[in-house]
Amino acid sequence: MKLTARDAGRYFAKPDPDRTGLLIYGADAMRVALKRQEVITALIGPAGEKEMRLTRIPAADLRKDPAQLVDAIKSISFFPGPRVAFVEDANDTAAPALMAASEDWAPGDAQIIVTAGALKVSSKIRKLFESHPNAFAVGIYNDPPSREEIEAELQKAKLAKVDVDAMTDLVVLSKNLDPGDFRQTIEKLSLYKHGDTTPVSSEDVVSCAPTSTEAALDDVLNIVAEGRAQELGPVMGKLQAQGTNPTTLCISATRHFRALYTAAADPGGAAQGISRMRPPIFGPRRDRMLRQAQGWGAPKLEQALTILTDTDLHLRSAGQTAPAMAVMERALLRLSMLARR
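Residues numbered from 1 in each chain as written. Predicted model: local features only at pLDDT ≥ 70, side-chain atom pairs only at ≥ 80, totals over all residues. Heavy atoms only, no water.

Q: Hey, could you go over the sheet that holds strand β4 (residues 111-116) for me, with residue numbers and the actual values?
A: On the basis of which strands lie adjacent, the open sheet formed by five strands has the order β2-β3-β4-β1-β5 and parallel pairing. Of all strands in the sheet, those with a lone pairing partner are β2 (54-58) and β5 (135-139), marking the two edges. Each adjacent strand pair in this sheet contributes to an overall mean axis angle of 15 degrees, direction not counted. Relative to β4, helix α2 (residues 29-44) is tilted by about 170 degrees, and along the sheet it contacts β1 (21-25), β2, β3 (84-90) and β4. (Pairing = 2+ DSSP bridges. Helix = DSSP H or I, 4+ residues; strand = E, 2+ residues; numbered from the N terminus. Axes fitted to C-alpha atoms, helices over the stretch in contact; angles between N-to-C directions. Contact = heavy atoms within 4.5 Å.)

The structure is reproduced here in structure tokens:
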């Protein structure tokens, strides 16, 4: 039988131990692995593998010895409790062994959990599980987790109290991170809030979110956008010492000021413009950029983008003689002075 994406989330959290088996397939191996891990843990518990109630079988081994899957579902552990026979990375070459095991399966046998990559509708193992009256097949696609799934992850991490802004930020993160990275962020957030009974805030989420590759440039961009010209020199010195490329800095500044212009020029106001950004901006950074956009206004931001465009052309010019970082620093200084007007 097929499980819809909505029903699958609930089933993974609380699977039926009396089912013959479950096929989880999809192009993203990480997403498939996370769901497989969740459902197996829910079936046999965290100690199931130590108690020898989990048998792992690479699908490639079934071509040489198809009978080992039947042996695995029939074998009895020394410890009581549900058992799982896990077949990993299956394709249609494993179909005969899976078919034989599903036909030989009886109540009390180990449940057959199978993972596979992307499978066509014509796939033999997909047809087997979709047509079986006591088994399920679930396709895992590259969709971000639903709010219900995020809340379930938070409950597992013992993060029951999450304020509205923090939940919005987590939804945004879930759309922009790989599933494994998002789960690690939740785990990190759980450790960060250990012993803290206050609700999870936007600041907490930002503190635990993966650091962007552009994070090292944020300080200088905020200094410029907020008109703190006196602070620019020392920070530029640090960037130069770290080997920051002037053209990269110019591109980052242009991207930042273009985002501010998009927000400031929005017919519904800067706040609405910020909310429409893709990828979304969240947490304290969202509030900071909103203040910057409102402080500059669209006309001055047009001037800023003109300065940055001219600087970019100058940096890429073959006839340039001045040091590139000095050219970039002069442009940023002009922008920080413009912010004060």
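Moving on, there is more to tell.
Q: Please provide a residue-by-residue account of unusual backbone geometry, values included.
A: Positive phi, close to 55 degrees, is recorded for aspartate 89, a residue that is not glycine. Counting through the fold element by element, aspartate 89 comes out in strand β3. Given a relative accessible area of 59%, aspartate 89 falls into the exposed group. (Buried < 20%, exposed > 50% of the residue type's maximum accessible area, 1.4 Å probe, protein only.)

Q: Kindly report on the pattern of salt bridges, identifying the contributing residues and their values.
A: By the definition in use, this model includes 20 salt bridges. One salt bridge in this structure joins glutamate 226 and arginine 228, with 3.0 Å as the shortest N-O distance. Judged by relative accessible area, which is 33%, glutamate 226 ranks as partly exposed. On the basis of relative accessibility, which here comes to 22%, the residue arginine 228 falls in the partly exposed class. Between arginine 316 and aspartate 312 there is a salt bridge, and its shortest N-O distance comes to 2.9 Å. On the criterion of helical spacing, the pair formed by arginine 316 and aspartate 312 is a turn pair, its members being four residues apart in helix α15 (residues 283-316). In this structure, a network of salt bridges that share partners links the residues Glu226, Arg228, Glu231 and Arg288. (Salt bridge = Lys/Arg side-chain N within 4 Å of Asp/Glu carboxyl O.)

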